[in-house]
Structure formats: C-alpha cells, structure tokens
Amino acid sequence: MNAKTTTLPVPPVWSNITQHEVFPIATHDEIARYNFLANLNKHLSGVIAPGNRLAYEKRVKPRFQAEHGRDFQNRDEVRAEMKHDPYYQTWSALRRTTMEMRQQNGRTMTIRQAPELAEKVQKLNAGKATLVLNPDVKVPHYLTIMDNHCMPGSYHTELFEGDVSAAANYDTGLFVTTAGGLGKLTDGGGKAISQWLLSHHPDFKPRRILDIGCGLGHNTLPIAQAYPDAEVVAIDVGVPMLRYGHARAQALGIKNVTFMQLDAANTGFADASFDWIQTTMFLHETSFKAIHRIMREIYRMLTDGGITMHIEQPQYTPEMDLFEQTIRDWDAFYNNEPFWGVMHDIDPATLMAESGFNKETFFQIGVRAVNDLEDFTKPRPTEVEDYGRSAVWNVFGAWKK
Ligand SMILES: C[S@@+](CC[C@H](N)C(=O)[O-])C[C@H]1O[C@@H](n2cnc3c(N)ncnc32)[C@H](O)[C@@H]1O
C-alpha cells in the first residue's frame, strides 16, 4: 500500500521570543499553554481548515442549488448556509476557542505582574522626550464598543494609572495566532516592508517617517533600524501600547522613534511633514468613515515625492471566489473584528484616488514576513526556505506626485 502522510512544519517554541527587559515572566504552565495553542492554530489552519472547502463543495453548495435553483450570489448567503454545517461549526468553534484561551492565558499572566511591569516601564520612560502622551485624545467609538479580537480591555484599558498589562498581553500572545511566524520580535511585517523599499527604491531616503496605529511598535522598530538616520514618529490612541512600546524600544536600544498619543484621523501635524507614512494591520480595525478620513489626512501630511503603504490581508475582489471570501471574513463575525469585511471590500485604488493620490502612482504588492535568519536590510536574494513559518501579506500604496 502506498500510504501518504502530510507533515506540517511545527511552530517555533514560544520561549524563542526575545525576552526583553519589559517582557512579562511566564510560568511553566503558561508557556506550555501558549505552545499548545500555537500548535493547535497551525493544525487548524493547515489540516482542518481545508476540509471546509470539501464541506462547501460536497454538501453546502449542492443543497443550496437544489433548494433555490441557482448559485450563491454573495458571501452572506454562503455564510448563512455554512454556519449550519457541522464541519464548519467545529472548525469555527475551535478557532474561536484558541483565541479565547490565548487571551485568558495572556491576561492571567500579565495582570498577575501588572504592578512590576508598570514599574519597569516607568523607569525606562522617565524623563524621555520620545514619549508624548496627551490625555485630551479620545479613543474613537469604533474601538471602545467591543474588545478587539477578544482582548479583554482592548488596546486602551488601563486597570490603574500607568498599567501596561494590555500591551504586555498583546506582546506575549500574538505568537499564538501567528503560530510564531513573525519572528523573535514579532516584527516580520516591518522587516518585510523595509526590505522591499530598500531593494526597490534604494535612492529613496526618507527623513521623517510616520507609523500610524503603531501598537507597541512591533513593526515600527525594524523601520527605524532600516532607516537609522530618519526621525520616526509612531502614533496610537492606546496609552498602554505607547508606554510599553516606548519602554520596549529603549530596552532594545532603538532611540530614533518618538511614540505619541494621537488619533490618526486628526493628528495636528503640519502639511507635508512626512516622507513615508506606514500602516501595518491597522486599517481593518478602523471604521469605514475613519479609513476615508485617515487616508485624506495621510495625503495632507505627505511631502511631494513621499510614499504611503498599507499592510493588510488581501482585499476581496470579484475574482476572489465566494467561499474564499467567506472563510477570510470569519474574523468579522466570530473574532470581534467588525470592520474586517467592510475594509476588505474597499477598492484601494479608488480609496486612494478619492483621497487625493494620482491614480497612476497606485501600486499593490505581496510581501512575505522576513524570518530571523535573514538580513532584512539587504535585498532578498532568492526565496529562502523557511518551512512555511512566514506570513504573506498584501500591501497597497501610492506615491504623492
Ligand atoms: C492591530 S494593532 C496594529 C499594531 C501595529 N501596527 C503592529 O503592526 O503591530 C492596531 C492599533 O491601531 C490603533 N488604532 C486604532 N484606531 C486608531 C486611530 N484612529 N488612531 C491611532 N491609533 C489607532 C489601536 O489602538 C491598535 O494599537
């Protein structure tokens, strides 16, 4: 008999993450839980998820066709049928559970040591002009109405003045959802975009760079490392993310980033004040209205000859089949990402043209997360085998010309 087995690459171990000075201390069991969840996520996406296609083709679609005498017309119809299918229900429930368990593990770990974490962060931040907080900045309504991807308290909640446990939770837990695919510092996206710009536009020398919705700076720091002579400004509305992110940058020895508490839709920066404006996994967490406002603000803040780029999952297009859209849209319904579908339905070329960009300058590329073995400041010579560890993203952008 010719038995064929499929072997999936296992995720790296959680302890592989760089344990910087403000990184929380995990117990044996917390580490074991994170490792279990990262492996379960890998198994769910690599082995279980493909079965949804079979359930769709063999059961869900034929039943719909027989009942309605036609094909599905949109992904809402597909989801409405898929959610009655036991295979999809099992996959979906497991996926949701891994997220809930990630958050429980991370919140338990970080709340336990919240006072110590706050103290360490405070020491590293004290007296530094590169952390600028402004209590008048309001967290937009679209961020406060729910806990983003099941993260209790989302990005902005402080349990006491100076509490950074929300950010520390994010720092430890993203590993689980990405099955360790973003590297030791969870910075594979920022490295990838820097590598692309350095390789494709070696003469472009940005003096001022803005990273919008920087979070705790996972993807800001590689940009600052790739362009050490640039002044990098990283903005966010989540105070714990900014406090922790600034301390983390100090701990990692990266000093050319200023973290500021600002709303991207109304920053107060002067016209033409940045040469490169970046967002990474940010736009899908804002509302339809906010995306349009932010893009107009980006156009206003860019210098002539400047570039803006946005890292996200691929947009839904008429060419993407409805099943694929439905699976990709899971986060909108079951992972507290209410604007996920809204954002991925937007035509980015039209969005940018409406915000002022010349249509000719629009571009769309794919980048793969740079792994820890590569030097991201050098062009990628050929594809380096990384056994499926890296994530691949869609990037859209434009030049201001
Ligand atoms: C998924 S996190 C992405 C973090 C970061 N870009 C990264 O790559 O790790 C999205 C971040 O956007 C921030 N955010 C959402 N709306 C914002 C707004 N209007 N202005 C500034 N930051 C915002 C949230 O507080 C959160 O930290």
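Just so you know, these numbers come straight off a predicted model, no measurement behind them. (Residues numbered from 1 in each chain as written. Predicted model: local features only at pLDDT ≥ 70, side-chain atom pairs only at ≥ 80, totals over all residues. Heavy atoms only, no water.)

1. Re the environment of Gly 341
Counted only if it meets this: Numbering of helices and strands runs from the N terminus, with a helix taken as a DSSP run of H or I at least four residues long and a strand as a DSSP run of E at least two residues long. Here, two residues are considered to be in contact whenever any of their heavy atoms come within 4.5 Å of each other.
For Gly 341, the position within the fold is in helix α14 (residues 340-345). Gly 341 sits 298 residues away from His 43 along the chain, and the two C-alpha atoms are 25 Å apart. What Gly 341 contacts, discounting residues up to four positions off in sequence, is Arg 75, Tyr 316, Asp 329 and Ala 332.

2. Describing the nonpolar core
Cut-off, in case you're wondering: To qualify as a nonpolar core, a set must consist of buried Ala, Val, Leu, Ile, Met, Phe, Trp, Tyr and Cys residues joined through side-chain atoms within 4.5 Å. Whether a residue is buried, partly exposed or exposed follows from its accessible area with a 1.4 Å probe, protein chains only, as a fraction of its type maximum: under 20%, in between, or over 50%, in that order. Domains are outlined according to an automatic or database domain assignment.
Membership of the largest hydrophobic core comes to 60 residues, with the highest contact counts inside it found for Tyr 244, Phe 259, Trp 276, Ile 307 and Met 309. Looking at this core element by element, the count peaks at six residues for helix α7 (residues 165-177). In terms of domain composition, this core takes at least three residues from each of domain 1 (14-113 + 156-175) and domain 2 (184-399). If near-sequence neighbours (up to four positions away) are discounted, Phe 259 is found in contact with Thr 130, Leu 131, Val 132, Cys 214, Gly 217, Leu 221, Ala 234, Leu 242, Gly 245, His 246 and Ala 249. The next biggest cluster of nonpolar side chains, apart from the first, holds 31 residues, and it includes Ile 277, Ala 290, Met 295 and Phe 339.

3. Observations regarding the pattern of salt bridges
Inclusion rule: Salt bridge, as used here, is a side-chain nitrogen of Lys or Arg placed within 4 Å of a carboxyl oxygen of Asp or Glu.
A full pass over the atoms with the stated rule returns 22 salt bridges. With its nearest N and O atoms 3.1 Å apart, the salt bridge here joins Asp 329 to Arg 75. Within this pair, whereas Asp 329 is found in the loop between α12 (322-328) and α13 (330-334), its partner Arg 75 is found in helix α3 (residues 75-82), the two being separated by 254 residues in sequence. Under the relative-accessibility criterion, Asp 329 is labelled buried at 4%. Taking the relative accessible area as the measure of exposure, Arg 75 reaches 12% and is therefore buried.

4. A word on the site of the ligand
Formally: Proximity is defined per residue: any heavy atom of the residue falling within 4 Å of a molecule or strand makes that residue near it. What qualifies as a polar contact is a pair of N or O atoms within 3.5 Å, subject to a donor-acceptor requirement within protein and to the restriction that residues adjacent in sequence count only when both atoms come from side chains. Computed with the Shrake-Rupley method and a 1.4 Å probe, the accessible areas treat only the protein chains shown as cover for residues. For this classification, the nonpolar set comprises Ala, Val, Leu, Ile, Met, Phe, Trp, Tyr, Cys and Pro, the charged set comprises Asp, Glu, Lys and Arg, and every other residue, Gly included, is treated as polar.
With respect to spatial proximity, 21 residues lie near the ligand, and among them Tyr 142, Gly 213, Asn 219, Asp 236 and Thr 280 are the closest. Contact distances for the ligand include 2.8 Å between a nitrogen atom and a side-chain N or O atom of Tyr 142. A distance of 2.9 Å is found between a nitrogen atom of the ligand and a side-chain nitrogen or oxygen belonging to Asp 263. The protein chains hide 99% of the 600 Å² of surface that the ligand would expose on its own. Classifying every residue of the shell around the ligand by side-chain character gives eleven nonpolar, seven polar and three charged.

5. Side note on the domain arrangement of the protein
Frequently, the measure chosen for interface size is the accessible area removed from exposure when the parts meet. Put simply, the test is: Accessible area, probed at 1.4 Å, shrinks when two parts are joined; the buried area is that loss added up over both.
For the protein, the assigned domains are domain 1 (14-113 + 156-175) and domain 2 (184-399). Measuring from the centre of the C-alpha atoms in domain 1 to the corresponding centre in domain 2 gives 23 Å. Contacts between the two partners involve 39 residues from domain 1, matched on the other side by 34 residues from domain 2. A combined buried area of about 3200 Å² lies between domain 1 and domain 2, and 61% of that area is made up of carbon and sulfur atoms. It is Arg 53, Arg 75 and Arg 79 in domain 1 that bury the most area against domain 2; as a group they hold 22% of the surface buried on that side. Across the contact surface, domain 1 and domain 2 share seven salt bridges. Within the residue set of the side of domain 1 that touches domain 2, elements represented by two or more residues are α2 (51-68), α3, α4 (86-112) and α7. Within the side of domain 1 that touches domain 2, the residues separate by chemical class into 17 nonpolar, ten polar and twelve charged.

6. Considering unusual backbone geometry
Even without glycine at this site, Ala 272 takes up a positive phi of about 50°. Among the structural elements, Ala 272 can be located in the loop between β4 (257-261) and β5 (274-280). The backbone phi angle of Met 281 is positive, close to 50°, even though this residue is not glycine.

7. Observations regarding the environment of Gly 162
With respect to the secondary-structure elements, Gly 162 resides in the loop between α6 (141-144) and α7. Since its relative accessible area comes to 15%, Gly 162 is described here as buried. Taking the C-alpha atoms as reference, Gly 162 lies 8.5 Å from Val 121; in sequence the two are 41 residues apart. Every residue in contact with Gly 162, bar those within four places of it in the chain, is listed here: Ala 118 and Arg 243.

8. Thoughts on the pairing of strand β6 (residues 302-312)
For the record, the criterion: Note on pairing: two strands pair once DSSP finds at least 2 bridges between them. With the strands aimed away from the viewer, a crossover counts as right-handed if its path from the first strand over the helix to the second runs clockwise.
In terms of burial, β6 is a largely internal element, nine of the eleven residues being buried. In terms of strand pairing, β5 meets β6 through six bridges, oriented parallel. Bridged to Phe 274 within β6 is Leu 302. Of the crossover connections in this fold, the one passing from β5 over helix α11 (residues 288-301) to the parallel β6 is right-handed.

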